[in-house]
Amino acid sequence: GEDFSLETLERAFELTSAHDMPDEVRAKLYVALGRAYLKISSFEAATVSFETALKLHENSGCKQELQKAEKLLKEQQEQ
């Protein structure tokens, strides 16, 4: 039930990026990466991860998180 660390997720992405996998599975990895980036206030990386997840699988379950990341990114850029 706990989230993986950003380092673990980035390593999983590195190990699997050259391999073929179902879009739905890769989208889940991008969602997990986006959530990890949100935790460290890396809003641009989170936004990109969530957008990529939605492109791969429309029902990846991160639409609200994408909106949150976009809002926080906008606020960060305005400061």
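Note that the coordinates shown come from a computational prediction; the quantities given were computed from them, not determined experimentally.

## Remarks on the overall build of the protein chain
Part 1: Helix and strand content of the protein chain: four helices and zero strands.
Part 2: In the protein chain, the succession of helices and strands from N to C terminus is α-α-α-α.
Part 3: C-alpha extents for the protein chain along the principal axes are approximately 40 × 25 × 25 Å.
Part 4: Within the protein chain, counting contacts between residues at least 6 apart in sequence, those at least 24 apart form 43% of the total.

## What to know about helix α2 (residues 23–39)
Part 1: Helix length check: α2 (17 residues) gives 24 Å between terminal C-alpha atoms against 24 Å at 1.5 Å per residue, within 8%.
Part 2: Those residues of α2 that sit buried are Arg26, Ala27, Leu29, Tyr30, Val31, Leu33, Gly34, Ala36, Tyr37 and Leu38.
Part 3: Buried residues along α2 sit against α1 (6–16), α3 (43–56) and α4 (63–78).

Definitions and limits used
- Residues numbered from 1 in each chain as written.
- Predicted model: local features only at pLDDT ≥ 70, side-chain atom pairs only at ≥ 80, totals over all residues.
- Heavy atoms only, no water.
- Helix = DSSP H or I, 4+ residues; strand = E, 2+ residues; numbered from the N terminus.
- Contact = heavy atoms within 4.5 Å.
- Expected span 1.5 Å × (residues − 1).
- Buried < 20%, exposed > 50% of the residue type's maximum accessible area, 1.4 Å probe, protein only.

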